[in-house]
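Secondary and tertiary structure notes
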Amino acid sequence: MAFEDAQDHRIARISSAIRVIPDFPKPGIMFQDITTLLLDPTAFKDTIDLFVERYKGKNISVVAGIEARGFIFGPPIALAIGAKFVPMRKPNKLPGAVISQEYSLEYGTDKIEMHVGAVQAGERALVIDDLIATGGTLRAAINLLERVEVDVVECACVIELPELKGRDRLGDKPLFVLVNAA
């Protein structure tokens, strides 16, 4: 569910800082561009603060950020809540031993990887990305963490495209979203 505190003026500021670019990268796509959010220090800080307020004191030891924009939001959240940041990367981007999880795309498959030993069984994790569309990448990140016996507490995204029903692919994992894109 999207953050629904109508009294919180920060949500309106965040939403208005996200630029929508029609027909990018192909016709019919309404691209949610967070680079304009990053250019607004107040809106960017509001974004981080809202996530930190939600997760501080929840005993989360891992913030797993999905490449690439999860790398923008994940580290400041991890630092603020006293957790480590674990990058979840596309194949062949991490040096050393990795563990990977394959997932389906509209046409074909892809993989997400993390370093072997980056997390330990029993740790509590938050998975973060900028946007949830179909939910495939978030589901793969959950599966990868659960394979090594990490408890995925919640997934968090700045933006949700609700019409693509990505939330449904997460099963029983909660999803926290700041902005629903119409």
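Now for a description of the structure that goes with this document.

What counts as what
Residues numbered from 1 in each chain as written. Predicted model: local features only at pLDDT ≥ 70, side-chain atom pairs only at ≥ 80, totals over all residues. Heavy atoms only, no water. Salt bridge = Lys/Arg side-chain N within 4 Å of Asp/Glu carboxyl O. Helix = DSSP H or I, 4+ residues; strand = E, 2+ residues; numbered from the N terminus. Buried < 20%, exposed > 50% of the residue type's maximum accessible area, 1.4 Å probe, protein only. Arc of directions from axis to C-beta. Contact = heavy atoms within 4.5 Å. Core = buried A, V, L, I, M, F, W, Y, C linked by side-chain atoms within 4.5 Å. Pairing = 2+ DSSP bridges. Axes fitted to C-alpha atoms, helices over the stretch in contact; angles between N-to-C directions. Polar contact = N/O pair within 3.5 Å; in protein donor to acceptor, adjacent residues only side chain to side chain. Right-handed = clockwise from strand over helix to strand, strands pointing away.

Let us now look at the pattern of salt bridges. Side chains bearing opposite charge may pair, as long as their charged atoms lie close to each other. In this structure the tally under the stated criterion is 13 salt bridges. Two residues, Asp130 and Arg69, come together in a salt bridge whose shortest N-O distance is 2.6 Å. Of this pair, Asp130 sits in strand S7 (residues 124-132) while Arg69 is found in the loop between strand S3 (62-66) and helix H4 (70-81), placing the two residues 61 residues apart along the sequence. Residue Asp130 is classed as buried on the basis of its relative accessible area, which comes to 3%. Each of Asp8, Arg10 and Glu53 takes part in salt bridges that share partners, so that together they form one network.

The next subject is helix H1 (residues 9-17). Looking only at H1, the buried set comprises Arg10, Ile11, Ile14 and Ala17. With its buried residues spanning 130° around the axis, H1 presents them on a single face. Of the residues in H1, the exposed ones pointing more than 90 degrees away from the buried face are His9, Ala12 and Ser16. Turning to H1, the residues buried within the fold contact strand S1 (19-22), helix H2 (35-38), helix H3 (41-55), strand S8 (151-160) and strand S9 (175-180).

As a further point, take the environment of Leu175. By the element assignment, Leu175 lies in strand S9. A sequence separation of 49 residues divides Leu175 from Leu126, and the C-alpha atoms of the two residues are 10.0 Å apart.

Of all hydrophobic cores here, the largest spans 29 residues; its most connected members are Phe51 and Ile77. For this core, the elements supplying multiple residues, two or more each, are H1, H3, H4, S7, S8 and S9. The element best represented in this core is H3, accounting for 6 residues. With sequence-adjacent residues up to four places away left out, Phe51 is seen in contact with Ile77, Ile128, Ala156, Cys157, Val158, Phe176 and Leu178. Core analysis: the next-biggest nonpolar cluster, separate from the first, contains 26 residues, Ala64, Val119, Ala141 and Cys157 among them.

Within the open sheet, the 5 strands sit side by side as S4-S3-S7-S8-S9. Their pairing is parallel. Both edges of this open sheet fall to strand S4 (84-88) and S9, since each of them pairs with a single strand only. In this sheet, adjacent strand axes meet at a mean angle of 20° when their direction is disregarded. The pairing of S8 with S9 spans 5 bridges and is classified as parallel. Bridged to Ala156 within S9 is Phe176.

A word on the side chain of Glu123. Tracing the sequence through the fold places Glu123 in the loop between strand S6 (109-115) and S7. Within the structure, Glu123 has its side chain in polar contact with the side chain of Lys84 (distance 3.1 Å). One polar contact links the side chain of Glu123 to the main-chain amide nitrogen of Gln120, over a distance of 2.7 Å.

Take the pairing of S3 next. Extensive coverage of S3 is indicated by the burial of 5 of its 5 residues. Going residue by residue along S3, you find Val62, Ala64 and Ile66 tucked away on one face and Val63 and Gly65 tucked away on the opposite face as well. Since S3 and S4 lie parallel, the crossover through H4 that links them has a hand, and here it is right-handed. Summarising the sheet, S3 and S7 pair through 4 bridges and their orientation is parallel. Counterpart to Val63 in the pairing with S7 is Leu126.

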